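One-letter residues, chain by chain:
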Amino acid sequence: MFRFVVLTALLALAAADVVPLLDGRIVGGKATTIESYPHQISLRRSGSHICGGSLYKANVVVTAAHCVQGTSASVLTVVAGTSSRTSGGTSIKVSQVKVHPSYSSSKINNDVAVLILASSFSLSSSIQLIALASSAPAVGSAVEVTGWGATKEGGASASTLQVVSVNVVSNADCAKAYGSSAITTAMLCAGVDAGGKDACQGDSGGPLIQAGKLVGIVSWGSGCARKGYPGVYSNVAALKSWVEANA
């Protein structure tokens, strides 16, 4: 469940059956509206949706590093204010891409990037900013993840924004699935014990939220919604100072 296919990452993680997710999906969720999650944006490359993201300032988006590493800002646009993956909303070009300097494409660690836009969005009921969490959510607590991915592993992308609620899993328990060296303090995990609910390809870079704050960024995992394999997210609280300094 990575949210982006990078050959080097695939080779490094093939043994763990971990795949980056650039074409993603929400599994086990339901359709929602952009007015309910007005910070959600669609990141598009040459006009096509590739990842999600969160509007942090009127001209700044927070997303996953794996969505944009090695990509020229000139081919990227951000669309906000629409529940649809393919139509509506307001589009603004990206003028600068900032990837965390310690991002590792092989370990998918420090998976965060800041996008500086060419102009600012006008805020409205469907376009709003989201604050960054200062601390990670408690283990076992409910969090929500949104995106336009497919509704099952290997399925087609959703046309309407989807949302699903999952629960925070301790890094220790998450490491039992992925290995002790795979899960770092810059990550947090969330899922449900029985599987069936998760983010997936194309949801990459999108928001994991709790109490109206951004607590995580959709990053990686093994497949989508598999039992025993929680989704892995960038830990926003651990990466907050870098985001603030570069936004």
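Bear in mind the structure is a predicted one, so any value in this text is a computation, not a measurement.

Caption draft 1: Just helix α3 (residues 171-178), in detail. Along α3, the residues classified as buried are C174, A175 and Y178. Along the long axis of α3, the arc covered by the buried residues comes to 105°, so they all point the same way. Exposed side chains of α3 directed beyond 90 degrees from the buried face belong to A172 and K176. Note on α3: the residue one or two positions beyond its end, G179, has a positive phi of about 105°.

Caption draft 2: A look at the pattern of salt bridges. Scanning the model with the defined rule gives three salt bridges in all. The partner of D173 in a salt bridge is K176, with the nearest N and O atoms 3.2 Å apart. On the criterion of helical spacing, the pair formed by D173 and K176 is a turn pair, its members being three residues apart in helix α3. For E244, the salt bridge is made with K240, and the minimal N-O distance between the two is 3.8 Å. Within this pair, E244 and its partner K240 are both found in helix α4 (residues 236-246), separated by four residues, close to a single helical turn. Using a relative accessible area of 42% as the deciding quantity, one classes E244 as partly exposed. Judged by its relative accessible area of 18%, K240 falls in the buried class.

Caption draft 3: Spatial organisation of α4. For α4, every residue scored as buried is listed here: V236, L239, K240, W242, V243 and N246. Two or three places before A237, at the opening of α4, N235 has a side-chain oxygen 3.2 Å from that residue's backbone nitrogen.

Caption draft 4: Geometry of the nonpolar core. One finds L43, V78, F121, I183, V232 and V243 to be the most contacted residues of the largest nonpolar core, which totals 53 residues. Looking at this core element by element, the count peaks at five residues for strand β7 (residues 113-117). The two domains that each donate at least three residues to this core are domain 1 (38-128) and domain 2 (130-238). Here V243 is in contact with Y56, V62, V112, V114 and L132, once residues within four sequence places are set aside. With 14 residues, the next largest nonpolar core counts V164, V166, V168 and Y233 among its residues.

Caption draft 5: Region of the structure containing the sheet that holds strand β6 (residues 90-99). Here six strands make up a closed barrel; going around it, the order is β2-β3-β4-β7-β6-β5 and the pairing antiparallel. Taking the axes of each pair of neighbouring strands and ignoring which way they run, one obtains an average angle of 45° across the sheet. Here four bridges tie strand β5 (residues 76-80) to β6, and the two strands are oriented antiparallel to one another. Bridge pairing links A80 to T90 in β6. Sheet contacts for α4: β3 (48-57), β4 (60-63), β6 and β7; angle to β7, the most-contacted strand, approximately 20°.

Caption draft 6: Local environment of the pairing of β6. In terms of strand pairing, β6 meets β7 through five bridges, oriented antiparallel. Across the sheet, V97 pairs through a bridge with L115, a residue of β7.

Caption draft 7: Representation of unusual backbone geometry. With a phi angle near 55°, N110 is a residue other than glycine that sits in the positive phi range. Here N110 lies in the loop between β6 and β7. Residue class for N110 comes out buried when judged on its relative accessible area of 13%. Of note in the backbone geometry, A225 takes a positive phi value of approximately 65° without being a glycine. Along the chain, A225 turns up in the loop between β13 (213-220) and β14 (231-235).

What counts and what doesn't
- Residues numbered from 1 in each chain as written.
- Predicted model: local features only at pLDDT ≥ 70, side-chain atom pairs only at ≥ 80, totals over all residues.
- Heavy atoms only, no water.
- Buried < 20%, exposed > 50% of the residue type's maximum accessible area, 1.4 Å probe, protein only.
- Helix = DSSP H or I, 4+ residues; strand = E, 2+ residues; numbered from the N terminus.
- Arc of directions from axis to C-beta.
- Salt bridge = Lys/Arg side-chain N within 4 Å of Asp/Glu carboxyl O.
- Polar contact = N/O pair within 3.5 Å; in protein donor to acceptor, adjacent residues only side chain to side chain.
- Core = buried A, V, L, I, M, F, W, Y, C linked by side-chain atoms within 4.5 Å.
- Domains from an automatic or database assignment.
- Contact = heavy atoms within 4.5 Å.
- Pairing = 2+ DSSP bridges.
- Axes fitted to C-alpha atoms, helices over the stretch in contact; angles between N-to-C directions.

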